[in-house]
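Residue strings, one per chain:
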Amino acid sequence: MQARNYVAPSSIDEAVAALQAGNGANRAFAGGTDVIIQVRENRRAVDTLVDIKSIPELIGITHKPDGGLRLGAATPCAQIYRDPQVKARFPALVDSASLIGGVQIQSRASLGGNLCNSSPAADSIPTLIALGAIAEIAGPSGRRNVAVEDFCTGPGQNVLQPGELLVALEFPSPAANSGAAFERFIPRNEMDIAVVNAAANITLSADGSTFQAARIAIGAVAPTPLYVAAAGQALAGKPVNDDSIAAAAEAARAAATPITDMRGSAAQRKHLVGVLVTSVLRTAIDRARG
Amino acid sequence: MVTKDRSSFKVIGTRPLRPDGIDKVTGRAQYGADIRLSGTLSGHILRSPHAHAVIKSIDTSKAEKLPGVKAVVTGADLVLPGKTLDELPDLSANVLAGRKALYRGHAIAAVAAINEQVAREATRLIEVDYEVLPVVLDVRESMQPGAPILHQAMRTRTPSGPGDAPSNVVAHTQVINGDIEAGWKDAVEIAEGDFSTSMVHQGYIEPHAATATWNSDGQVTIWSCTQGAFPARERTSTILGHPISKIKVIPTEIGGGFGGKIGVYLEPVTALLARKTGKPVKIQMDRDEVFEGTGPTPGTSIRAKLGATKDGKFVAFQADLAYENGAYGGSAANYATMCITAPYDIPNFHLDAFDVVVNKPRTQDYRAPSSPAAAFAMEQLIDELSEKLNIDPLKLRLMNAAHEGTRGPTGMPYKRIGHEEILEAAIDSPHYKSPLEGPNRGRGVASGFWFNVALRSSVNVSVQPDGTVNLIGGNTDLSGTRASLAMQLAETIGVAYEDVKPTVVDTDSVGYNDVTAGSRVTFATGIAVHEAGNKLIKEMTGRLAETWQVPVEDIEFEDGTFKTKDGAKSGTFKEIAQAVVGRGPGLTASGSVNAGFLQGGAFAHHIVDVEVNPDTGKVNILRYTAIQDVGTAVHPSYVEGQLQGGAVQGIGWALNEEYYYDEEGRMVNSSFLDYRIPTTLDVPMIDTILIEVPDPLHPFGVRGVGEPPIVPPLAAIANAVARATGVRQYQLPMSPRRILETTKDVV
Amino acid sequence: MTQKVVSTTINGEPVQFLSEPGGSLLTALRDELGLTGSKEGCNNGNCGACNVVLNGELVNSCCVLAMEVEGADLLTIEGVAQGDQLHPLQNSFLENAALQCGICTPGFIVAAKVLLENEPDADEARIRHWLAGNLCRCTGYDKIVRAVLDAAEQMRQPAAT
């Protein structure tokens, strides 16, 4: 099927009105790399496609005076991973943004779109969760914020209500002595859906010997990307060593409830959670230590 | 039959630009979907959502009423006069199902409408009443008593006559050589295994597309990206019961085939819709239709056992080979019996081969059909013996290699072949000589064989007023055959490559040509080209004798020059042609050959280094060398390309490609996202070593080169993984999941 | 579903065409404008055969709505050669025998062109990474990668004056 209408509003209010008009049958898109295909392949019925790329607030990267980061929801991945300050201060975002599809996809696909598509295997959501990102949503009754770990509610489902639109992602300033990383496992070396993915964001003591805090998230092992608070708690206050890392990996494994499908078996996914969490923690530690 | 001293080749062995190249790098070349006729309707096909079901009824009335719909057709439209739907032959029923849908994706009905959107919408309005039946997907399960029967009328063909009950086993073929029991008595070391491979697809990038017109006088024209315009014409004629002389098939450029575009799918359907509507109708498949509704290559189960003396001489081999032929009968396993022992001189063997139907798409050829899975078994057994006997795997192969006089694939002795030469080249190769170091790494080697078909080809040549030559052929150019044929004509008549202009034409415009497949075109059409070139020379000599007023016998043709024996008069082909064409009747010739079933056979040997990630089970290809007896490398760059492309297809087959089914028989990975063919990042550069052992059946020593390179990779990579991990892999694909399951017990 | 007029620039020429609201850029290029050099291999963003350049960025035209290119600047394979002068990448693909069936070739050339214009010193690893979204089933990629490396070298040479 094809969508019946196309509109390209130039303001958030117009976009909200356009989305509201469809009673749930209208859908926003940015890069379109998921939505256009889903509509074409009858996996999603859409009446009006609302192209949000003409709304100035939705595209752009703002480095805030407090060290925080604001990403317009429709900002293409390529723009994000080319940004020198993002590269320097949010390397985990670069890890994710440079893995979504090939370069032809990255020139269009956005992290906001990746979040709103709400795939359990989405390659940016664990990173957004680990980094403590907040989703800023505009709707008929104004704006509201939702922590990304609370955004997805099921495969392809999320907290957005009819008429609502993801406007931006807000990231707190990275703490001193912190580091974050994202990895996924795929059978090929590019162009694949994650069998499992994982992100970690850790803060070390000033001497780099102890974990002060950690946020760990995993994907493709549950109906939504998972924030595994227990894995982070397993690290807090613990020395930076193999045992601590193994305990966090084990906590993540315990949280995973994967299924077997064409992309991997449940057992393989459980196993890979341990492998990937260990690996992202090591990269995050290296980055934290600079 | 090698008529020419190879060192004197002037054109063969050079690397000129291909004549169709500019059109293909500028986007001008016309492929199947690029045909645009005025007033064309768009077609779309309704496919079965069930893998096995009785089609109780089809109600097309709602679809027909949708504005913009011009015609709907079903299997009933393929029933020929005097027949019933129950008698619909397999060939027709695979194009539009008869009483049963036999696989998910089986074409049920087709619509022609004013545009694609309407056609798609209309297929959704067709109401089909299915009685869903139990499904059988596994080849061994399908052979068991009590398995769901696909065809009630099918009786197994066996060496002792047809079976007496319905069966999914199409045929049981036996091939016996020597005395197997005596062989086992001589065997000191034995390796055996139970191997299986998954159904895989050729994965050409261009989806099938066809456009047809049907004029009121019954003249049918079909544009198709087929591998064989002539067979497509024949099959369309048979299916539609329409005279072959009234059907013209125009082959477009073709975006890959590898065997998968031999069969007909859209040609008869577009023609039927064109007849019903009186307008041109075009259908282009979606990618998921290509996976689910065309002809992948069989999954297999092979139980095999190889015995050798303590010195390493192979003395006994036994195999039970079962091949999925998909929904209808075929002879995939039979082909495997021609390949599995062919690289070696084995005095005693016993092969039982079973062609079996399952609820999957009707299979088609895929590059050296049946041989890769056979080699996956055989070459791993050899590797195991090499470890048991502590003999270098290449030397073990060399001491057992088939050579001139060894029993060949049909039982006849080989003429000159090059398996020994490529093994020697492998031993001497920089790759094999360099050590492989590091943990989790392994090197694997494997040989592969393909018999190479020959079959029928026809060409016409005509000399232009400026002395250049047009070469008219009927084989679609999949990978540079315009160039390789033009080069052979240039070599034959002694002109520059640039002075030959090759063109591929339709079925009305040249004599019969079999498919572009089986690595036959450069060989068999090359023979036709050589014949046509020699006829031209003869004709020109005759005319020249009149012009020069000398006896014909006094004129010699050598190195592109006609001259009298006394040397008094001479002229190059081009000079003489200009003189002769200007004065007399047009100068044309044709070459038309039936080059028999088989060429001399071709062998490949591959060396691969892998690294296996112990944590994830992922196999990384570090280094790859493909060595092959290519007979004569007419255009070495395109020969290398065949070796490289075949190797990478084999890498995909070995590591990640598979038809992944759910329990109801639905393929769930029918996209390029989840059917994982290799990307640029998954493979290294593929080194090639071309060994030229001329095939004595061809005037220039040509051997087909396209098929053999897909044969060794499956086993070579399995052998490398076994050496890297210590665990032998019996099942494909060797995906990360399977490697973890077998090496880490992650189940 | 009413068709709308889209005004855009393709290969340097202003162009107007009609499109359905949900129609893809690939369909518009091929069916409305007759620019059939962009190929459909998968129609869901996984093969790269339909690659075009949209406002300087490489995209899969099957994943772009035709409506989105209003006012945009597009380059397709048909605009890569300048008149009868082939682009160095086109020459290099021919000289390196980097195509067999040729169906993926337009996509590869368009993709590689964007890379080399932005990164003239791209090495093999970078080229392989950049081209991972373009599938080729014939060549095994070896000669394609070599062709891009060769073209890069030619493009780095100062133009002869």
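Residues numbered from 1 in each chain as written. Chains lettered and ligands numbered in written order. Predicted model: local features only at pLDDT ≥ 70, side-chain atom pairs only at ≥ 80, totals over all residues.

### Brief notes about the overall build of chain C
- Each helix and strand in chain C was counted, giving five helices and five strands.
- Shown N-terminal to C-terminal, the secondary structure of chain C runs as helices and strands in the order β-β-α-β-β-β-α-α-α-α.
- Considering only C-alpha atoms, chain C reaches an extent of 50 × 40 × 25 Å along its principal axes.
- Residues classed as buried in chain C amount to 65% of the 161 residues present.
- Partitioning the intrachain contacts of chain C with sequence separation of at least 6 by distance along the chain shows that 58% fall at a separation of at least 24. (Helix = DSSP H or I, 4+ residues; strand = E, 2+ residues; numbered from the N terminus. Buried ≥ 20, exposed ≤ 12 C-beta atoms within 10 Å, placed from the backbone. Contact = placed C-beta atoms within 7 Å.)

### What about the overall build of chain B?
- Across its full length, chain B holds 20 helices and 28 strands.
- Taken over C-alpha atoms, the radius of gyration comes to 27 Å for chain B, in line with the 27 Å a tight globule of 747 residues would show.
- For chain B, the spread of C-alpha atoms along the principal axes amounts to about 85 × 75 × 50 Å.
- In chain B, buried positions account for 62% of the 747 residues.
- Long-range contacts, defined as pairs at least 24 residues apart, comprise 80% of the intrachain contacts of chain B with a sequence gap of at least 6. (Rg over C-alpha atoms; globule rule 2.2 N^0.38 Å.)

### Side note on the sheet that holds strand E2 (residues 53–59) of chain B
All names here are of chain B.
- The antiparallel open sheet is built from three strands, whose spatial order is E4-E2-E6. One side of each edge strand has no neighbouring strand; the edge strands of this open sheet are strand E4 (100–101) and strand E6 (127–132).
- Where E2 meets E6, six bridges bridge the pair, whose relative direction is antiparallel. Within the sheet, the bridge partner assigned to Ser 57 lies in E6 and is Asp 129. (Pairing = 2+ DSSP bridges.)

### Section: the nonpolar core
- Formed by 395 residues in total, the largest nonpolar core has its most connected members in Ala 200, Ala 248 and Val 277 of chain A together with Ile 717 of chain B.
- In this structure, Ala 200 of chain A is in contact with Ala 130, Ala 180, Ala 181, Ala 214, Ile 216, Val 277, Val 280, Leu 281 and Ala 284 of chain A, ignoring residues within four places of it in sequence. (Core = buried A, V, L, I, M, F, W, Y, C linked by C-beta atoms within 7 Å.)

### So, the interface of chain A and chain C
- In this complex, chain A contributes 24 residues to the contact, which on the side of chain C involves 23 residues.
- The biggest single contributor to the side of chain A that touches chain C is helix H2 (residues 35–40) of chain A, with four residues.
- Of the residues that constitute the side of chain A that touches chain C, the class distribution is ten nonpolar, eight polar and six charged. (Nonpolar A, V, L, I, M, F, W, Y, C, P; charged D, E, K, R; others polar.)

### So, the domain arrangement of chain B
Residues and elements named next belong to chain B.
- For chain B, the domain assignment lists domain 1 (6–29 + 455–594), domain 2 (32–133 + 208–284) and domain 3 (300–452 + 598–743).
- The C-alpha-based centres of domain 2 and domain 3 are spaced at 37 Å.
- In this assembly, 13 residues from domain 2 lie in contact with 17 residues from domain 3.
- Taken together, the residues of the side of domain 2 that touches domain 3 break down into five nonpolar, six polar and two charged. (Domains from an automatic or database assignment.)

### What to know about the environment of Glu 741 of chain B
Residues and elements named next belong to chain B.
- Assignment of secondary structure puts Glu 741 in helix H20 (residues 736–743).
- Measuring from C-alpha to C-alpha, the distance between Glu 741 and Gly 617 comes to 8.7 Å, with 124 residues separating the pair along the chain.
- Sequence-distant contacts of Glu 741, that is, excluding residues within four places in its chain, are made with Val 746 and Val 747.

### Here's the deal with the environment of Gly 473 of chain B
- With respect to the secondary-structure elements, Gly 473 of chain B resides in strand E20 (residues 469–473).
- Beyond its immediate stretch of four places on either side in the chain, Gly 473 of chain B contacts Val 459, Leu 485, Pro 502, Val 504, Val 510 and Thr 525 of chain B.

### What about the sheet that holds strand E14 (residues 226–227) of chain A?
All names here are of chain A.
- With antiparallel pairing, the four strands of this open sheet are ordered in space as E11-E12-E13-E14. Only two strands of the sheet have a single partner each, and these edge strands are strand E11 (178–185) and E14.
- Pairing geometry for strand E13 (residues 211–219) and E14, over two bridges, is antiparallel. Residue pairing for E14: Ala 217 is matched across the bridge by Tyr 227.
- Strand contacts of helix H10 (residues 242–255): E13 and E14, with the helix running at about 35 degrees to E13, the strand carrying the most contacts.
- Helix-sheet contacts for helix H11 (residues 266–288) involve E11, strand E12 (196–204) and E13, and the interaxial angle to E12 is about 35 degrees. (Axes fitted to C-alpha atoms, helices over the stretch in contact; angles between N-to-C directions.)

### Quick look at the pairing of strand E17 (residues 349–357) of chain B
Residues and elements named next belong to chain B.
- Of all nine residues in E17, seven are buried; the element is thus mostly enclosed.
- Where strand E9 (residues 169–177) lies against E17, eight bridges are found, and the strand directions are antiparallel. Across the sheet, the residue bridging to Ala 171 is Asp 355, located in E17.
- Of the strand pairs in this sheet, strand E16 (residues 314–326) and E17 are connected by nine bridges, and their pairing is parallel. Along E17, the bridge assignment pairs Ala 319 with Leu 351.
- Taking the sense of rotation as the criterion, the β-α-β connection linking E16, helix H10 (residues 332–339) and E17 turns out right-handed. (Right-handed = clockwise from strand over helix to strand, strands pointing away.)

### Some details on the interface of chain B and chain C
- Listed per partner, the contact involves 42 residues of chain B and 41 residues of chain C.
- For the side of chain B that touches chain C, the elements supplying multiple residues, two or more each, are helix H1 (21–25) and helix H18 (636–655) of chain B.
- Sorting elements by how many residues they give to the side of chain B that touches chain C places H18 of chain B first, with eight residues.

### Topic: H10 of chain A
All names here are of chain A.
- Relative to the 20 Å expected for 14 residues at 1.5 Å per residue, H10 spans 20 Å between its end C-alpha atoms, a close match to the ideal helical length.
- Residues of H10 that are buried: Ile 245, Ala 248, Ala 249, Ala 251, Ala 252 and Arg 253.
- In this structure, the buried side of H10 is in contact with E13, helix H9 (229–235) and H11. (Expected span 1.5 Å × (residues − 1).)

### A few points about the confidence of the model for chain C
- Mean pLDDT over chain C works out to 96, with 98% of the residues at or above the 70 mark.
- For this predicted complex, the interface confidence score (ipTM) comes to 0.98, while the overall pTM stands at 0.97. (pLDDT = per-residue confidence, 0-100.)

### Quick look at the domain arrangement of chain C
Residues and elements named next belong to chain C.
- Partitioning chain C into structural domains gives domain 1 (4–79) and domain 2 (88–156).
- Each of domain 1 and domain 2 was reduced to a C-alpha centroid, and the two centroids are 21 Å apart.
- At three residues, the largest contribution of residues to the side of domain 1 that touches domain 2 is made by strand E3 (residues 51–54).
- A per-class count over the side of domain 1 that touches domain 2 returns seven nonpolar, five polar and one charged.

### A few points about unusual backbone geometry
Residues and elements named next belong to chain B.
- A cis amide bond links Leu 732 with the next residue in sequence, Pro 733, at an omega value of -5 degrees.
- Tracing the sequence through the fold places Pro 733 in the loop between helix H19 (712–725) and H20.
- Positive phi outside glycine occurs at Phe 258, with the angle close to 60 degrees.
- Note on placement: Phe 258 falls in the loop between strand E13 (247–251) and helix H8 (267–277).

### Considerations on the pairing of E20 of chain B
All names here are of chain B.
- Of all five residues that make up E20, four are buried, and the element is covered over most of its length.
- Relative to E20, strand E19 (residues 456–463) is paired through five bridges, and the arrangement is antiparallel. By the bridge assignment, Ser 462 is partnered in E20 with Asn 470.
- Hairpin remark: E19 followed by E20, antiparallel, with five residues in the connecting loop; positive phi at Gly 467, about 90 degrees.
- Relative to strand E21 (residues 500–504), E20 runs parallel, the two being bridged by five bridges. Pairing of Val 469 across the sheet is with Val 500, part of E21.

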